[in-house]
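Coordinate inspection notes
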Amino acid sequence: MPFFRSLNLILTLKCREASALIAEGADRELTPSERWALRFHLVICAPCRRFRRQLAFLRRLWAEMQKRFATGEVPLQEGLSQSARARMQQMIDSGTAS
């Protein structure tokens, strides 16, 4: 990416773009320009920092729950209907909710 386009990205990143980069960063490696733009934005934007922490927490929680359900460590909640239990188990087994 040419220098001025990189600099423009770093200086003009908006919250919507930052949140997209935060989400994408969990699935792919960001380019150096994207990383710097996101870092700079996060220094000045508390809501985006909060979003990053929340997304990281949810991803860790989901991974832990998948692991526990797969090993049978966590029983399904007794208050759920049988159809809700079956749908949840089907989503976990198929990996469609990840």
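Below or above, wherever it landed, is the structure these notes cover. (Residues numbered from 1 in each chain as written. Predicted model: local features only at pLDDT ≥ 70, side-chain atom pairs only at ≥ 80, totals over all residues. Heavy atoms only, no water.)

**Focus: the packing of helix H2 (residues 15-25) against helix H4 (residues 46-71)**
- The geometry of H2 relative to H4 is characterised by a closest axis approach of 10 Å and an angle of 25° between their N-to-C directions. For the element pair H2 / H4, the angle class is roughly parallel. In this structure, the crossing between H2 and H4 has a hand that is right-handed. Residue-level inspection shows Cys15, Ala18, Ser19, Ile22 and Ala23 of H2 in contact with H4, the latter providing Cys48, Phe51, Arg52, Leu55 and Arg59.
- Class assignment of the residues belonging to the contact of H2 with H4 gives a composition of 7 nonpolar, 1 polar and 2 charged. (Axes fitted to C-alpha atoms, helices over the stretch in contact; angles between N-to-C directions. Helix = DSSP H or I, 4+ residues; strand = E, 2+ residues; numbered from the N terminus. Parallel < 35°, antiparallel > 145°, perpendicular 65-115°, else oblique. Left-handed = near helix turned anticlockwise from the far one by under 90°. Contact = heavy atoms within 4.5 Å. Nonpolar A, V, L, I, M, F, W, Y, C, P; charged D, E, K, R; others polar.)

**With respect to the nonpolar core**
- In this structure, Leu13, Ala18, Leu21, Ile22, Leu30, Ala37, Leu38, Leu42, Cys45, Cys48 and Leu55 together form the largest nonpolar core, which totals 11 residues.
- For Leu42, the contacting residues outside a window of four places in its chain are Ile22, Cys48, Arg49 and Arg52. (Core = buried A, V, L, I, M, F, W, Y, C linked by side-chain atoms within 4.5 Å. Buried < 20%, exposed > 50% of the residue type's maximum accessible area, 1.4 Å probe, protein only.)

**Let's talk about helix H5 (residues 82-94)**
- Given a rise of 1.5 Å per residue, 13 residues ought to cover 18 Å, and the 18 Å separating the end C-alpha atoms of H5 matches this to within 8%.
- Once H5 finishes, Gly95 follows within two positions and takes phi at roughly 75°, a positive value. (Expected span 1.5 Å × (residues − 1).)

**Let's talk about the environment of Phe51**
- Tracing the backbone shows Phe51 in helix H4.
- Under the relative-accessibility criterion, Phe51 is labelled partly exposed at 31%.
- In this structure the C-alpha to C-alpha distance between Phe51 and Ala23, which are 28 residues apart in sequence, comes to 9.5 Å.

**Overview of the pattern of salt bridges**
- Across all of its chains, the model carries 5 salt bridges by this definition.
- Between Glu24 and Arg28 there is a salt bridge, and its shortest N-O distance comes to 2.6 Å.
- Bridged by salt links that share partners, the residues Glu24, Arg28 and Glu34 form one connected network. (Salt bridge = Lys/Arg side-chain N within 4 Å of Asp/Glu carboxyl O.)

By themselves these figures say nothing about function.
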